[in-house]
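Each chain is listed here by its residues.
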Amino acid sequence: MTSDLLTLSAYGFDLSIAPLAGGGIAQLNWHGKPILRPALPGAAEARDPLGLASFPMTPYASRIVDGKFRWGDVSTHIPPNMAGGAHPLHGIGWRTPWSIASQDEVSIEIVLVHAGDTNWPWAFESRQRFTLTQDHVEIALSAKNRDPRPFPSSLGPHPYFLSEGAEIQFDAAQLWEISGEALPSHLARPPVVDQLAGGIAATSLDLDHCFEGWNGRARIKWPEHGVEVSASVLVGDTPCPCTRLQLYTPPNAGFFCLEPVTARGVSFTAADPYELGVVELVDQSLTIITTLKPFAVS
């Protein structure tokens, strides 16, 4: 841990934030037990968001195929932002330093102000607020348009969890089957949807899929503790349910990612992007609020 990290300790939680490493979380423990995978050695210092415990996806989540889409009068050609990748993914927030907006004994707020460039042609502002309470951690991620032109947005956190000994449980209606490069193709209900509803070992899965009809709650359990993950959405000041969850479980990686998202990935070019959860930002904000509530396993 370095002086570049912001830290909070309260109610049994120890939280470290790395604003310069894409505004990600470096550590989140509860009574000494990891809720998220700890940052890999040197990741925060190297400003490597992929080695952190979590990072923000803003102003879009998932991929933009070939970096190309048209919105209003704007045509994009966004370059890839990950080595070996053909498509830009996860937005620009995870690749950009954030600034400290405020900090007190139980909360930290950081901000990213983007003027518009080839990586995202519209000006916008994103904020993250991390709050410790007596029984949970709340992470609020928002995006607000600062451009005279409207743009599409989707948001979500990208948390890493340790897979060894972990059981994942959540209810969803369907998932998007994927074709090459993890691009969604069609909705289906394979057996894994019901297996997840009953709880299944993380190490038995090989997924990189978006689940539809999620009820907004998931439960992860290790031998001695667990965490309940829940999420909700605000469009402006209007509350909405979070009905989509991305689950990434690479075999033998030692981690999995369970990501509440406001929209399905690869949605800006869809025939009806709004049906897939995309929100057009004009002068309002889009916010996703994720709650991590740990519990002991007896």
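Quick caveat: nothing in here was measured; it's all calculated off a predicted structure.

**Focus on the side chain of S62**
Right, so step 1: For S62, the location among the structural elements is in the loop between β5 (54–57) and β6 (70–71).
Right, so step 2: Given the relative accessible area of 16%, S62 is considered buried.
Right, so step 3: Not counting residues up to four positions away in its chain, the partners in contact with S62 are M57, P88, L89, H90, G265 and V266.

**Some details on the packing of aromatic side chains**
Right, so step 1: By the definition in use, this model includes 17 aromatic pairs.
Right, so step 2: Considering the side-chain rings of F55 and W94, the 4.9 Å spacing of their centres and the 20° angle between planes classify their relative orientation as stacked. With F55 in strand β5 and W94 in the loop between β7 (74–75) and β8 (99–103), this residue pair connects regions lying 39 residues apart in the sequence.
Right, so step 3: Judged by its relative accessible area of 1%, W94 is buried.
Right, so step 4: Consider the rings of W120 and F268, whose centres lie 6.4 Å apart with planes at 50°: the pair is tilted. With a gap of 148 residues between them, W120 in the loop between β9 (107–114) and β10 (124–132) and F268 in the loop between β23 (255–261) and β24 (279–281) connect regions that are remote in the sequence. When sorted by exposure, W120 lands in the same class as F268, which is buried.
Right, so step 5: Grouping aromatic residues by their ring pairs yields a cluster made of Y60, F69, W120, W122, F124, F151 and F268.
Right, so step 6: Between the NZ or CZ atom of R264 and the centre of the ring of W176, over which it lies, the distance is 4.4 Å.

**A short note on the side chain of E259**
Right, so step 1: Relative to the helices and strands, E259 resides in strand β23.
Right, so step 2: No salt bridge is formed by the buried E259, whose closest oppositely charged neighbour, R63, lies at an N-O distance of 8.3 Å.
Right, so step 3: Each residue touching E259, except ones within four places of it in the same chain, is listed here: M57, P157, H158, P159, R244, L245, Q246 and Y248.

**Things to note about the pairing of strand β21 (residues 238–241)**
Right, so step 1: Across 4 bridges, strand β20 (residues 225–235) lies against β21 in antiparallel orientation. In the strand pairing of β21, V235 is matched with T238.
Right, so step 2: Count of turn residues in the β20/β21 antiparallel hairpin: 2 residues, of which G236 carries a positive phi of about 65°.

**Quick notes on the confidence of the model for the chain**
Right, so step 1: For the chain, the average pLDDT comes to 96, and 99% of its residues sit at 70 or higher.
Right, so step 2: At the low end of the mean pLDDT range in the chain sits strand β16 (residues 184–188), at 96; at the high end sits strand β14 (residues 167–170), at 99.

**Quick look at helix α1 (residues 191–198)**
Right, so step 1: For α1, the complete set of buried residues consists of V192, V193 and L196. Mapping the buried residues of α1 onto a view down its axis gives an arc of 110°, with all of them on the same face. Turned more than 90 degrees away from the buried face of α1 sit P191 and G198, all of them exposed.
Right, so step 2: Looking at the buried residues of α1, the elements they touch are β14, β15 (174–178), β17 (200–201), β18 (208–212) and β22 (244–248).

About the thresholds
Residues numbered from 1 in each chain as written. Predicted model: local features only at pLDDT ≥ 70, side-chain atom pairs only at ≥ 80, totals over all residues. Heavy atoms only, no water. Helix = DSSP H or I, 4+ residues; strand = E, 2+ residues; numbered from the N terminus. Buried < 20%, exposed > 50% of the residue type's maximum accessible area, 1.4 Å probe, protein only. Contact = heavy atoms within 4.5 Å. Phe/Tyr/Trp six-rings, centres within 6.5 Å; stacked < 30°, edge-to-face > 60°. Lys NZ or Arg CZ within 6 Å of the ring centre and 35° of its normal. Lys, Arg positive; Asp, Glu negative; His and termini not counted. Salt bridge = Lys/Arg side-chain N within 4 Å of Asp/Glu carboxyl O. Pairing = 2+ DSSP bridges. pLDDT = per-residue confidence, 0-100. Arc of directions from axis to C-beta.

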